[in-house]
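One letter stands for each residue in the lines below.
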Amino acid sequence: MRTKGVLILIVALMLFGCNQDEIKENSKIRENNDMNLMPIPKEVNLTNNKFYINEDFKLSVDGKIGEMVTTNSTRFLRRLAGRTGLFLDQDFITKNSNDKSAELQILSKGLGKVKLNVDESYSLEVSEKGIQLSANNENGIIYGLETLLQLLNSDEEGYYFTSCKIEDEPRFPWRGLMIDVSRHCYPVNVIKRNIDAMLATKMNVLHLHLSEDQGFRVESKVYPKLHEMGSDGLYFTQNQIKEIIEYAKVRGIRVYPEFDMPSHSTAWFIGYPKLSSKDTVYSIERTWGIQNPAMNPASEYTYQFLDKFIGEMAQLFPDEYFHIGGDENNGIHWKDNKNIQKYMKENGIKDKHELQTKFNQRILKILTKYNKKMVGWDEILQPEMPNNIVIQSWRGKKAMIEAAKKGYTAILSNGYYIDLFWDTERHYLNDPVLENENLSPEVEKNILGGEVTSWAEFTTTENVDSRIWPRTAAIAERFWSPRDVKNVDDMYRRLEMVSFHLEELGLTHLTNREMGMRRLTNNENTNSLENLINVIESIEGYTRHKREGLKKYLQQSPLTRLIDISYSDAPVARKIRKATDEYLSGKNSALYFTDNSEEYLKYELKKLSENHKKLKPIIDNSPILKEIEQLSENVSIVAKIGLEAINSDKKYSKSQKEKLLKILEKAKEPIAEFENRIIPAVEKLIKNSVKE
Ligand code: ACM
């Protein structure tokens with residue numbers, strides 16, 4: 001009784017000393033939900049029990065065990081200890097344990113492989129008595145371990161795994177992430193932490209976009225001027241590539257290269273201008289967009305060069321697939337080159353598409369010689385190409401369906417362009433094969449899966465994680481989970497859990513934003529800037545590239561402004577929009593940290609309406625923030641309008657409504673490349689507040 005009394009006193013003192021608002025916001029609702037899995041398994045049954053763990057917890061690995069299981073079961077132990085603070089004594093796992101007393105029994109029936117179509121299934125059972133994880137091979141085991149970590153939860157009694165029975169396997173065998181390391185290049189470490197995040201979300205293909213107009217990013221011993229002259233010294237050595245491939249392999253992830261040709265290829269020509277279609281002096285391209293330089297398809301030199309180069313890279317990258325790009329060749333340098341035009345006439349080639357197909361056919365021969373299968377962007381899909389190539393569909397899903405119907409294997413990237421800054425929901429609901437597409441099972445089988453594409457015009461070592469994660473985890477679920485897993489609210493709830501767990505892998509997607517705000521405010525209090533960034537989003541699409549009337553972006557431009565730490569799903573704006581819909585539909589249920597949606601709306605809108613006053617002095621002392629001053633003011637004005645609309649009790653006249661909507665219309669204009677994402681909610685609130 002006495003300790004209880006002291007405790008109450010301490011808690012009361014703590015409450016007394018704290019601002020009530022802080023308490024509210026800091027206590028993220030723990031929705032007491034044990035279902036935090038992402039991707040959701042094929043079959044999952046939570047069985048309403050808990051397996052509590054203590055410092056005696058051990059795992060035992062048995063069966064066919066290689067590095068995949070030893071490395072990842074050791075990682076599992078360290079992550080488990082890290083999350084719980086339990087001093088788990090078990091040392092590095094290096095061989096079969098055969099310890100029947102261990103709480104976690106792991107049985108792998110086969111060694112792991114990093115190959116398309118490998119069996120990745122696993123079975124996991126957590127009961128009060130213990131945990132069984134088994135799989136036909138190591139690939140399944142490492143996914144089961146990730147699932148198990150997502151089942152870790154806690155209550156007053158301690159840490160526990162939620163008991164369950166899971167039978168899991170992926171819907172698609174190709175679950176990829178393309179990282180463009182050409183527009184901006186990152187250290188090996190950045191790639192490694194993204195590989196860890198890929199395993200955590202059960203992705204299995206890393207596609208490295210290694211050459212571009214703006215950079216050639218891999219060491220070539222055969223043609224050293226490629227990386228020496230085409231990279232500003234920022235490239236991966238062959239040893240580093242091997243290190244990345246090995247790191248990924250242990251995590252069940254294939255790594256395959258893309259060398260974009262014949263276009264997007266300026267960086268090759270700086271050292272080897274003879275490869276190009278225009279006789280000129282080349283330098284690294286510093287602007288973005290489609291460029292004219294292209295390889296010369298009418299010259300034997302090109303094929304001799306590519307034969308040797310591909311031979312070298314085919315050895316470096318053991319994966320059976322090899323991406324040749326093939327996108328966005330505007331044909332201008334081909335048209336301007338007399339020899340190329342003559343070659344076309346002599347060979348009856350009528351346009352640039354046919355010429356590119358001829359080029360691709362030659363490249364295909366080279367790839368085949370080195371036992372590689374060709375992957376290319378959907379431009380390479382031409383009737384003359386054989387169907388043992390993989391089409392990566394980026395311009396539209398139709399091309400992928402068409403390709404699959406013609407017997408080509410295909411992967412979808414259209415809809416997974418995360419540099420377009422769509423809401424996660426839009427990517428998430430983009431299914432590679434919708435039910436109503438009515439594809440035959442044979443055609444559906446040709447659709448291997450998809451790839452998220454992380455293009456790097458606006459990414460740096462600092463912000464790249466926040467551009468890829470957490471949205472990619474939701475897309476990874478699309479690639480893994482059954483088609484009918486598509487509850488958007490639940491996806492956002494689980495995504496928040498996944499997102500913060502990714503931090504333990506060294507991902508900087510959350511800390512980067514905090515660091516960026518500190519820099520922007522010159523180490524002032526960042527609360528008001530955070531309130532703002534939580535409701536504004538980067539403009540969607542590629543409008544950032546255009547910047548009418550503003551300075552154009554170059555490769556060397558700073559990517560440290562507020563826009564570079566922006567959200568594509570501003571979390572508070574999204575919650576305000578949801579709360580508004582609930583409030584207006586009369587649901588008014590308990591939402592977020594409040595008892596009902598009206599209370600939540602009033603709380604957030606009031607805070608935002610007062611925010612500009614707090615942020616203004618900081619902006620005044622941070623010239624780099626000057627560009628968002630009007631935006632900050634607008635957000636406060638719009639929030640105030642929303643708050644008044646809720647309080648108006650349906651008193652607005654039609655003309656008042658029109659006046660307010662006009663103000664909102666004006667506030668929709670992007671400022672500093674941002675959009676104010678509470679406007680849709682406030683519009684609804686006004687429309688609801690008009691006299692009948
Ligand atoms: C592409 O986005 N140009 C493949």
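Conventions and cut-offs
Residues numbered from 1 in each chain as written. Predicted model: local features only at pLDDT ≥ 70, side-chain atom pairs only at ≥ 80, totals over all residues. Heavy atoms only, no water. Helix = DSSP H or I, 4+ residues; strand = E, 2+ residues; numbered from the N terminus. Buried < 20%, exposed > 50% of the residue type's maximum accessible area, 1.4 Å probe, protein only. Contact = heavy atoms within 4.5 Å. Polar contact = N/O pair within 3.5 Å; in protein donor to acceptor, adjacent residues only side chain to side chain. Core = buried A, V, L, I, M, F, W, Y, C linked by side-chain atoms within 4.5 Å. Salt bridge = Lys/Arg side-chain N within 4 Å of Asp/Glu carboxyl O. Phe/Tyr/Trp six-rings, centres within 6.5 Å; stacked < 30°, edge-to-face > 60°. Lys NZ or Arg CZ within 6 Å of the ring centre and 35° of its normal. pLDDT = per-residue confidence, 0-100. Pairing = 2+ DSSP bridges. Right-handed = clockwise from strand over helix to strand, strands pointing away. Axes fitted to C-alpha atoms, helices over the stretch in contact; angles between N-to-C directions. Parallel < 35°, antiparallel > 145°, perpendicular 65-115°, else oblique. Left-handed = near helix turned anticlockwise from the far one by under 90°.

A word on the environment of Glu103
Looking at the secondary structure, you find Glu103 in the loop between helix H3 (67–84) and strand S3 (104–108). For Glu103, a relative accessible area of 22% gives the class partly exposed. Glu103 sits 486 residues away from Ser589 along the chain, and the two C-alpha atoms are 41 Å apart. Setting aside anything within four residues of it in sequence, one finds Glu103 in contact with Phe51, Asp56, Phe57, Lys58, Gly130 and Ile131. Among the polar contacts listed, one links the side chain of Glu103 to the backbone nitrogen of Lys58, at a separation of 2.8 Å.

Focus: the nonpolar core
Counting residues in hydrophobic clusters, the biggest one holds 134 residues, and the most contacted among them are Phe57, Phe161, Trp268 and Ile363. Here this core gets eight residues from one element, more than from any other, and that element is helix H5 (residues 188–200). Membership of the second largest hydrophobic core comes to 53 residues, among which are Val635, Ile641, Ala645 and Ala672.

Things to note about the pattern of salt bridges
Following the criterion strictly, the structure yields 55 salt bridges and no others. For Glu629, the salt bridge identified is with Lys616, shortest N-O distance 3.5 Å. With Glu629 in helix H25 (residues 629–647) and Lys616 in helix H24 (residues 611–620), this residue pair connects regions lying 13 residues apart in the sequence. On the accessibility criterion, Lys616 (27% relative accessible area) is partly exposed. Between Lys626 and Glu629 there is a salt bridge, with the nearest N and O atoms lying 2.7 Å from each other. For Glu629, a relative accessible area of 16% puts it in the buried group. Here the salt bridges share partners, and the residues they tie into one network are Arg544, Arg547, Arg561, Asp564, Glu627 and Glu673.

What about the packing of aromatic side chains?
The tally for this structure, following the rule as stated, stands at 25 aromatic pairs. Ring plane angle 80 degrees and centroid distance 5.3 Å describe the contact between Tyr223 and Tyr272, whose orientation is recorded as edge-to-face. Placement of the pair is Tyr223 in the loop between strand S10 (215–216) and helix H6 (225–230) and Tyr272 in the loop between helix H8 (266–269) and helix H9 (300–316), with a sequence separation of 49 residues. The exposure class assigned to Tyr223 is buried, which follows from its relative accessible area of 11%. Members of the aromatic cluster, connected to one another through ring pairs, are Phe216, Tyr223, Phe259, Trp268, Tyr272, Tyr301, Phe305, Phe309 and Phe322. A cation over a ring is seen here: Arg78 above Phe92, with NZ or CZ 5.8 Å from the ring centre. Directly above the ring of Tyr272 sits Lys225, whose terminal nitrogen or CZ lies 5.3 Å from the centroid.

Considering the confidence of the model for the protein
Per-residue confidence for the protein averages 94 on the pLDDT scale, and 95% of its residues sit at or above 70. Note that residues 1–24 has pLDDT below 50 and, in this model, six contacts with residues that lie over four places away or in other chains. Predicted confidence is poor over residues 26–31, with pLDDT under 50, and the contacts of this stretch with residues over four places away or in other chains come to seven contacts.

Description of the pairing of strand S9 (residues 205–212)
In terms of residue burial, S9 counts as a mostly covered element, since eight of its eight residues are buried. Relative to S9, strand S8 (residues 174–180) runs parallel, the two being bridged by five bridges. Of the residues in S9, the one forming a bridge with Ile179 is Leu208. Handedness of the β-α-β unit built from S8, H5 and S9 comes out right-handed. Two strands pair when backbone bridges link them, and S9 and strand S11 (residues 254–261) are joined in this way by six bridges, in the parallel orientation. Across the sheet, the residue bridging to Val205 is Arg254, located in S11. With two bridges connecting them, S9 and S10 associate as antiparallel partners. The residue of S10 that forms the bridge with Glu212 is Gly215.

Some words on the packing of helix H22 (residues 571–584) against helix H23 (residues 597–609)
The geometry of H22 relative to H23 is characterised by a closest axis approach of 9 Å and an angle of 140 degrees between their N-to-C directions. With respect to each other, H22 and H23 are oriented oblique. Taken as a pair, H22 and H23 cross one another with a handedness that is left-handed. Packed against H22, whose contacting residues are Val572, Lys575, Ile576, Ala579, Thr580, Glu582 and Tyr583, the element H23 presents Ser597, Glu598, Tyr600, Leu601, Glu604, Leu605 and Leu608 at the interface.

Topic: helix H11 (residues 338–346)
The N-capping residue of H11, defined by a side-chain oxygen 2.8 Å from the backbone nitrogen of Asn339, is Asn337. Phi turns positive one or two residues past the end of H11, at Gly348, with a value near 60 degrees.

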